[in-house]
Amino acid sequence: MLPDEIKKECDSIFDNIKNQKERLEHIQEICNHPTSFIGNFSYKVGCVNPALICSDCNKILKANAHV
């Protein structure tokens, strides 16, 4: 691939990621979070805390959740 082809494809991929992230955020906003589970949430490398997570949309509902 030539440099301009690489740039064009990378730009397209980043645009797709941005659009998909926006769509996911919208879906998580309208989800009623009817079921949830306690799972692990890592906000940075090396730090893992329990969190309440929606079973349907995977949104973190409450960080540092306790069983």
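Preceding this paragraph is the structure being described.
Residues numbered from 1 in each chain as written. Predicted model: local features only at pLDDT ≥ 70, side-chain atom pairs only at ≥ 80, totals over all residues. Heavy atoms only, no water.

Colleague: I'd like a description of the pattern of salt bridges, backed by residues and values.
Modeller: In the structure shown here, the tally under the stated rule is two salt bridges. For the salt bridge of Lys7 with Asp11, the shortest nitrogen-to-oxygen distance reads 3.0 Å. Placement of the pair is Lys7 and Asp11 together in helix H1 (residues 3-30), with a separation of four residues, close to one helical turn. Its relative accessible area of 36% is what places Asp11 among the partly exposed residues. Salt-bridge contacts for Glu22 lead to Lys18; the nearest nitrogen and oxygen are separated by 3.3 Å. In this pair, Glu22 and Lys18 both sit in helix H1, four residues apart, roughly one turn of the helix. In this structure Glu22 comes out as partly exposed when scored by relative accessible area, which is 42%. According to the relative accessible area criterion, Lys18 is partly exposed, its value standing at 48%. (Salt bridge = Lys/Arg side-chain N within 4 Å of Asp/Glu carboxyl O. Helix = DSSP H or I, 4+ residues; strand = E, 2+ residues; numbered from the N terminus. Buried < 20%, exposed > 50% of the residue type's maximum accessible area, 1.4 Å probe, protein only.)

Colleague: Outline the environment of Pro3, listing residues and values.
Modeller: Looking at the secondary structure, you find Pro3 in helix H1. Distance from Pro3 to Ala51, taken between C-alpha atoms, is 43 Å for residues 48 residues apart in sequence.

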